[in-house]
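Coordinate inspection notes
This is what each chain is made of:
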Amino acid sequence: MRLTHRIKRRISEDYTPEDRSAVEELLLDLASGLEKDEGFSQAELERIIAATLIGGGGDVDRLLNWVQFARRDFRDVLVGSGLEHSDWPERLDSEFGTDS
C-alpha cells in the first residue's frame, strides 16, 4: 500500500513538518495491517486512511486514538468521519480533492 497524492497532500496541510513523516508511517502501518488481515482493495484502504485523518483533525494524539479505533473496528472511523455510506467516493473527493 502506498499513500495517494491526496492523502499526502492532506497530511501536509494538517500536520507540522516535524510530524508528517511519523503520521505517514503510522497510516502506512495501519493500512498494511488492514490489507493483511482484511484483504481490502487500495480504494477501501484509502477510504479508511482518509476517515482516520478526518478524525485526527491535525492533532497527532487524536490521530493515534483514531488509528487504534480503526485497528479495533474500521467501521467506527467510517461512521465517525462521515464516510460510511455509499456516497463515500464523492464525499472523499469533496474533502480531499482528486489525485489528478
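Attention here is on the structure that accompanies the text. (Residues numbered from 1 in each chain as written. Predicted model: local features only at pLDDT ≥ 70, side-chain atom pairs only at ≥ 80, totals over all residues. Heavy atoms only, no water.)

**Side note on the packing of aromatic side chains**
Under the defined criterion, the tally for this structure stands at two aromatic pairs. Judged by centre distance (4.9 Å) and plane angle (80°), the rings of Phe40 and Phe74 are edge-to-face. Of this pair, Phe40 sits in the loop between α2 (17-38) and α3 (42-56) while Phe74 is found in helix α5 (residues 74-81), placing the two residues 34 residues apart along the sequence. Assessed through its relative accessible area of 13%, Phe40 is described here as buried. On the numbers, 6.1 Å between centres and 65° between planes, the contact of Trp66 with Phe69 is edge-to-face. On the criterion of helical spacing, the pair formed by Trp66 and Phe69 is a turn pair, its members being three residues apart in helix α4 (residues 60-72). Its relative accessible area of 12% is what places Trp66 among the buried residues. By relative accessible area, which is 33% here, Phe69 ends up partly exposed. Stacked on the ring of Phe96, the Lys or Arg Arg10 has its end atom at 4.6 Å from the ring centre. One cation-aromatic arrangement involves Arg75 over Phe74; the distance from NZ or CZ to the ring centre is 5.9 Å. (Phe/Tyr/Trp six-rings, centres within 6.5 Å; stacked < 30°, edge-to-face > 60°. Helix = DSSP H or I, 4+ residues; strand = E, 2+ residues; numbered from the N terminus. Buried < 20%, exposed > 50% of the residue type's maximum accessible area, 1.4 Å probe, protein only. Lys NZ or Arg CZ within 6 Å of the ring centre and 35° of its normal.)

**Remarks on the packing of α2 against α3**
Where α2 meets α3, the axes come as close as 10 Å, and the angle between the chain directions of the two elements is 135°. In this view, α2 runs oblique relative to α3, as classed from their interaxial angle. When the axes of α2 and α3 are compared, the crossing they make is right-handed. Contact residues: α2 offers Val23, Leu27, Leu30, Ala31, Leu34 and Glu35, while α3 offers Gln42, Leu45, Ile48, Ile49, Thr52 and Leu53. Class assignment of the residues belonging to the contact of α2 with α3 gives a composition of nine nonpolar, two polar and one charged. (Axes fitted to C-alpha atoms, helices over the stretch in contact; angles between N-to-C directions. Parallel < 35°, antiparallel > 145°, perpendicular 65-115°, else oblique. Left-handed = near helix turned anticlockwise from the far one by under 90°. Contact = heavy atoms within 4.5 Å. Nonpolar A, V, L, I, M, F, W, Y, C, P; charged D, E, K, R; others polar.)

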